[in-house]
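# Summary of structural features
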Amino acid sequence: MPQLILTVAESKMNLFTKFTVVVLLFCPVISPTLAVQNLVTLENNLYNGLVIAIHPDVPEDAALIENIKNLVTNASSALYTATHQRAHYGNVNILVPATWTQGNYEQTISVNYEQSDIRVAPPTKERKDEPHVIQPGGCGEYGDYMHLTPNFISNPSLEDFGEKEKVFVHEWAHLRWGVFDEYPTGNNSKFYIDKKKKLQYTRCPVSLEGGLFVPNLVTGRATRCQLNKETGYPISPNCEFLPGPSPGTASMMSHILRDVVHFCHDDVNDPDNLHNPIAPNDQNRLCNLRSTWDVISSSRDFTGGANPPNPALADHTPTFQVLIPQAFRKYALVLDTSGSMSGNRLVEMRQAVQTFIQQSLPLGNKIALVEFASWAVSLTQGLVDVDTPEDKQNVIDTMKLSAVGGTCIGCGINEALWVLTGPDGNETCGDIIVFTDGEENRRPTVASTSQTAIDRKCTVHSIFFTTVGNVALKALSDSTNGKWFFGLDKNLAGLIGAFSKLASRNDGVKKGGVTQLAQETIQAEPYQAISKNVDVDGTVGKETVFQFSWLSDTTPEVDLTAPDKCKHSTNPQAVANSCPGHPLAVTDVDLKTIKFSIPGIAQRGKWRFDVTTTVADSVTVTVTSKASNDKVEPIELQSSFVQPKKGAPIVARARVTRGGAPVLDLEVLAEIQAPDRTKYKIKLFDKGTGADTKANDGIYTRNFPQSKQPGRYSMQVTVRNSGPVAPSKAGIIVSRAGFQFGEITEDGLVSLNPNGEANRPEPIPAANLTDIGNFTRIDTAAGIEIAPPDDPADATRDTFAPEQVTDLIAVQRDTNDRTKGIVLQFTAPGDDADFGNATRYEICYTFGSGLDLVRNFSSQSCINQPLEGDVNTPNPAGTVEQFVVPLPNFTIAEGLDELIIAFAVRAFDESGNVAEPSNVGFVSFFLEPPEIPDVSTEPVPVVTRTPLTTTTQTSAPPTTTPSTPPSTTPTAPPATTPFASPSTTPSAAPVTTPPGINDDFSCMTCYNARSLAECDRIGKIVTCAPNQKSCATEVRSQNFGLQKTVSKYCKQTMACHNNVGQNSHQCHPLQSMSVCRCCCEMNRCNLGNSCP
């Protein structure tokens, strides 16, 4: 009988065009293993399935495709060498935009831009052509994607980050293996002092030689870095390391030089590339002092002897397919109308589908509706073109549904396959969305239809409505790169959010999409009006729709008040202060919805709705809008669950960007619904602690320790910036290629980057929000499922340990007085991960590299009684902890007067669960302060270098610049010592007055003085340029204020105050690193003044 029913349904399939929607319910399940599409695999030393997608904003260019092929081919050989003959690239897919028409491209539906591994896209303004990886996870975890610009790929003279194929491998290591940079990034210090009292630049290996210089890429001049006599650290924040001619002695994750071919490792028999565990970089901080090669070789690609070295692989050339996506998408909604869907469940499903079609589904696509119970049939009689709003309504009108019969999910999928791919399966497939509330009890089963869906390259999504079963369906979604969601009844907002997520564009086009401004289900009481506000911000306003859905048989009353206080209402009669166009309300009693479609561009500001019901009811409000014009950069929100490691809680994550820049200082709230229907609300943070790997990257993260309950979880994330808009401040992209300032030649001369400042990335400002006002964004994450614990008792026991500390800093309080101890500072973890209060801390130390703390923490010496602070009363999670501990007792071997002491901390909770040891903080202790040599401040000879090659022509010393006066006797730096000897004298301000002066306005001017008093003593009163109407003061400090430099100068007023706007992010004088800035607009007003 099931076969007969299927045959009847299939006989109609040839009438369909191409879009089937299968409706199921949100819920993760453990499923049988099936073939997986679109994932990069490594087998027999070959990476296959790599997808490189070109952004739609990139103009069609056949040469770009060839340049991509050349880059990947060269990178394949570099990868083979870097992995010691273990891996290179095999099959590579290049996806061009659907708008490209001039090439011979193969059409595809199985890969898309949003799921690509590498994106070739225009640069953001500040990052220019800098390659980078979005890497929100921890050590050893996959990144999201790699970003390369067309200019980086195609411009042969652009080697500002090193040789391109090696840069590619560098970024691949971020993306695939979860390793981090070994040069300084973010707030990591550029420098440290080693056990020989020598200043070292943060790098790997330490044997990489070079010198410290302040390069001026505009003038083509360099001067030696000057050191502070008291601290031994460089005074200028622009002091950089220029590597010398040391072939082979650098890591792929450090300085990408011509002769660099491998990663730093732990093999003491190969000291040239030996890991540097003392360097203050992200690799050491986030990977517990492990070398990059140790992390890589322990990855799933190589662990257990997988993909061993294969020296027989002589040809490393990949194969390429150039693909183009279908110009339109096809959806098949497969909707459950079995007997269990009766009552409000059927109503909620119809309302969710109606909202999906009316508000989320873009025009120009195709759709089919399929219903299934004991049988399956296409409600739309095949695929339907959706080109007009009338087309959408016609599709909605086919949903004349009743709930009866059994549950044959396989019937619905088969019907969708026929609708999308035709009776012979020769047509391209599309997105199948299955919505169901129960287990299948009819044949054919999902398992019997799955391989056909995979073979036809369909993408199957699932919405599990209250059901916790359907293992095979969840497996099918996973195997076809689909998403699945889990929702409960009387939570229409969650269902609408799931459908909205599935309708979002996957081709890289962000403008013109639908934005969710509000999405909430409210339980209403009789005659008790519900009043709430919705912000319509400056980026949206076009096609704004307020929709209200309900479940009872009584229609609610709704009033909608615009920012200018005019009103729309469900009351068709004129109301006081009616808005133009009243009445706008369209009521559909059958679907139980009320819709207000705001004409033109909706007013910017706060809208208020008031809903009144005469019976107890469940009312869902959704507000959607589109960009106010095509030039507006949208605010993007993407949320997701992160599958937890064994014994750890679920992690909730949300990324907020605008135009590629991170959006900072937001209130990010995740509402998570547990399997027992309990709802939890947690705040997500972008602080670089706990589950959040990096601060100020626009990725907000938090552990969810209430996830011990086995079953399925759903999440809706709401982002808002209520309150005044703060000035833009600096954000970061940490996992990036390092800019190459220059190098030291074999002749001992400085060779600067020949492209100058043209491609040097600028500090990333947070996204500009001045044109927006208050805003709200909402996103629904795909579901996650937690399996039952191995021991059932663990479901109720406290098994989550405190979070690992990853930002420990150790600083000797006074280098001249050992009795004052050592300051330890870190962010407090919690009781369960990063929630609550830990019970106590354990602070331990060792001497030397700190590896013993990582490998055998409990066997090291520990400190029970700090000089300041109490290890038995931890602060609440997320707050700053600071302890002062006594200097450990030690003796220094004869002939030495310095020792490195390594500290780490771990937290315990009341159940005895213990965190992993923290990152290691190092202190270099001196019996006698290091001697800081005096070195010439004269400019050094600089050779001019054309891109890609080094020449021997020496340039004449440049003309005077404000910070480094010229010299007539330059001397060459030595190339055989790790660093050229620096100077210790602060640079003076310029004495000469430039042409075009403004005689009416002048400022105190100095650079890199050691104090405010010294600045005023050595500085000069300088007349400012005509466009400079502000006096600026800048105070930089590190190591808790122990090291300080002060600069004062003229500044353009707007630029000056933009810099001051960064104080909220950067000005923290009592923390490890701080930059404080002040501005004033009166003549000589910065003379004698200070900053916070």
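Here the residue numbering is sequential within each chain, running from 1 through the sequence in written order. Selection of residues for local features in this predicted model requires a pLDDT of at least 70, selection of side-chain atom pairs for listing and counting requires 80 or more, and totals for whole chains, interfaces and linings are taken over all residues. Based on all heavy atoms of the structure, the side-chain values leave hydrogens and waters out of the count.

Turning our attention to the overall build of the protein chain. Helix and strand counts for the protein chain stand at 16 helices and 56 strands. The classification of residues rests on relative accessible area computed with a 1.4 Å probe and restricted to protein chains. Under 20% of the type maximum is buried, over 50% is exposed, and intermediate values are partly exposed. Out of the 1092 residues belonging to the protein chain, those deemed buried represent 57%. Whether two residues are in contact is decided by their heavy atoms: any pair within 4.5 Å suffices. Restricting to contacts in the protein chain with at least 6 residues of sequence separation, those with at least 24 account for 76%. What sets the accessible areas is the Shrake-Rupley method with a 1.4 Å probe; for residues, cover comes only from the shown protein chains. Of the roughly 42,600 Å² of accessible surface on the protein chain, a fraction of 50% belongs to carbon and sulfur atoms. A run of H or I in DSSP counts as a helix once it spans at least four residues, and a run of E counts as a strand once it spans at least two, with each numbered from the N terminus.

We call a pair of cysteine sulfur atoms a disulfide whenever their separation is within 2.5 Å. The tally for this structure, following the rule as stated, stands at 13 disulfides. In this model, cysteine 204 is linked to cysteine 264 through a disulfide, with the two sulfur atoms separated by 2.1 Å. Here the S-S torsion is close to -125°, and the disulfide linking cysteine 204 with cysteine 264 is therefore left-handed. One end of the pair, cysteine 204, is in the loop between β11 (199-201) and β12 (210-216); the other, cysteine 264, is in the loop between β14 (240-243) and α5 (282-286), with 60 residues separating them in the sequence. Disulfide partner of cysteine 1080: cysteine 1085, at an S-S distance of 2.0 Å. In this structure, the disulfide formed by cysteine 1080 and cysteine 1085 twists by about 95° around the S-S bond and is classed as right-handed. In terms of burial, cysteine 1080 and cysteine 1085 fall into one category: buried.

With that settled, the discussion passes to the sheet that holds strand β6 (residues 106-108). The sheet built from seven strands is open, its strands ordered β6-β15-β5-β3-β7-β9-β8 with mixed pairing. This sheet does not close on itself; its edge strands, each paired only once, are β6 and β8 (132-134). Strand-to-strand twist in this sheet, taken as the mean axis angle between neighbours without regard to direction, amounts to 30°. Whether two strands pair comes down to DSSP finding at least two bridges between them. In terms of strand pairing, strand β5 (residues 91-95) meets strand β15 (residues 319-325) through five bridges, oriented parallel. Along β15, the bridge assignment pairs valine 92 with phenylalanine 320. Axis lines are fitted to C-alpha atoms, over the contacting stretch for helices. Their N-to-C directions set the angle, which ranges from 0 to 180 degrees.

In space, the five strands of this open sheet follow the order β23-β31-β25-β29-β28, with antiparallel pairing throughout. Because the sheet does not close on itself, it has two edges, and the strands there are β23 (515-524) and β28 (586-588). Neighbour to neighbour, the strand axes of the sheet diverge by 15° on average, direction disregarded. The pairing of strand β25 (residues 540-549) with strand β31 (residues 617-627) spans seven bridges and is antiparallel. Bridging across to β31, lysine 542 finds its partner in lysine 626. Across the sheet, helix α7 (residues 344-360) touches β23, β25, β29 (593-597) and β31, and the angle it forms with β25 is around 165°.

What follows covers the pattern of salt bridges. We count a salt bridge whenever a side-chain nitrogen from Lys or Arg sits within 4 Å of a carboxyl oxygen from Asp or Glu. Scanning the entire structure with this criterion turns up 33 salt bridges. Across the salt bridge formed by arginine 119 and glutamate 114, the nearest N and O atoms sit 3.8 Å from each other. Classification of arginine 119 as buried rests on a relative accessible area of 11%. For the salt bridge of lysine 592 with aspartate 553, the shortest nitrogen-to-oxygen distance reads 3.4 Å. Here lysine 592, found in the loop between β28 and β29, pairs with aspartate 553, found in the loop between β25 and β26 (557-561); they are 39 residues apart in sequence, far enough to count as distant. Residue classification places lysine 592 among the buried positions, given a relative accessible area of 12%.

Moving on, we get to the environment of asparagine 70. By the element assignment, asparagine 70 lies in helix α2 (residues 62-82). Under the relative-accessibility criterion, asparagine 70 is labelled partly exposed at 44%. Distance in space between the C-alpha atoms of asparagine 70 and isoleucine 153 is 9.1 Å, their sequence separation being 83 residues.

Let us now look at the packing of α7 against helix α8 (residues 389-396). At a minimum axis separation of 9 Å, α7 and α8 run at an interaxial angle of 170°. By the criterion of interaxial angle, the relationship of α7 to α8 is roughly antiparallel. In this structure, α7 contributes Gln354, Ile357 and Gln358 to the contact, and α8 contributes Lys392, Gln393, Val395 and Ile396. Per-class residue counts for the contact of α7 with α8 are three nonpolar, three polar and one charged. Throughout this description, any angle smaller than 35 degrees is read as roughly parallel, any larger than 145 degrees as roughly antiparallel, any in the 65 to 115 degree range as roughly perpendicular, and the remainder as oblique. Each residue gets one label: Ala, Val, Leu, Ile, Met, Phe, Trp, Tyr, Cys and Pro are nonpolar, Asp, Glu, Lys and Arg are charged, and the others, such as Gly, are polar.

This part takes up the packing of helix α9 (residues 409-421) against helix α10 (residues 446-455). At their nearest, the axes of α9 and α10 sit 8 Å apart, and the two run at 20° to each other. Judged by the inter-axis angle, α9 sits roughly parallel to α10. The two elements α9 and α10 cross, and the hand of that crossing is left-handed. Taking contact as the criterion, the partners of Ile409, Gly410, Ile413, Asn414 and Leu417 in α9 are, on α10, Val446, Thr449, Thr452 and Ala453. Tallied by class, the residues present in the contact of α9 with α10 amount to five nonpolar, four polar and no charged. Two helices cross in a left-handed way if the nearer one is turned anticlockwise from the farther one by less than a right angle. They cross in a right-handed way if the turn is clockwise.

Looking now at the packing of aromatic side chains. Think of it this way: a Phe, Tyr or Trp ring, Trp meaning its six-membered ring, pairs with another when their centres are within 6.5 Å, and the plane angle makes it stacked under 30 degrees, edge-to-face over 60, tilted otherwise. Scanning the entire structure with this criterion turns up 26 aromatic pairs. Aromatic side chains phenylalanine 826 and tyrosine 841 sit 5.3 Å apart centroid to centroid with 90° between the ring planes, which places their arrangement in the edge-to-face category. Taken together, the positions of phenylalanine 826 in strand β45 (residues 822-827) and tyrosine 841 in strand β46 (residues 840-847) put the pair 15 residues apart, joining distant regions of the chain. The same class applies to phenylalanine 826 and to tyrosine 841, which are both buried. Through pairs of rings, three or more aromatic residues link up here, namely Tyr331, Phe356, Phe435, Phe465 and Phe499. Charge over a ring is defined by NZ of Lys or CZ of Arg lying within 6 Å of the ring centre and within 35 degrees of the ring normal. The ring of tyrosine 142 carries the charged tip of arginine 300 above its face, separated from the ring centre by 4.5 Å.

Quick look at the nonpolar core now. Only buried residues count toward a nonpolar core. Its members are Ala, Val, Leu, Ile, Met, Phe, Trp, Tyr and Cys residues joined through side-chain atoms within 4.5 Å. Ranked by size, the top nonpolar core spans 81 residues in total, and within it Tyr47, Tyr89, Trp172 and Phe263 carry the most contacts. It is α2 that contributes the most residues to this core, nine residues altogether. In contact with tryptophan 172, not counting residues within four places along its chain, are Val40, Tyr47, Leu50, Leu79, Tyr89, Met146 and Trp177. Ile433, Phe485, Phe499 and Leu502 belong to the second largest nonpolar core, which has 32 residues in total.

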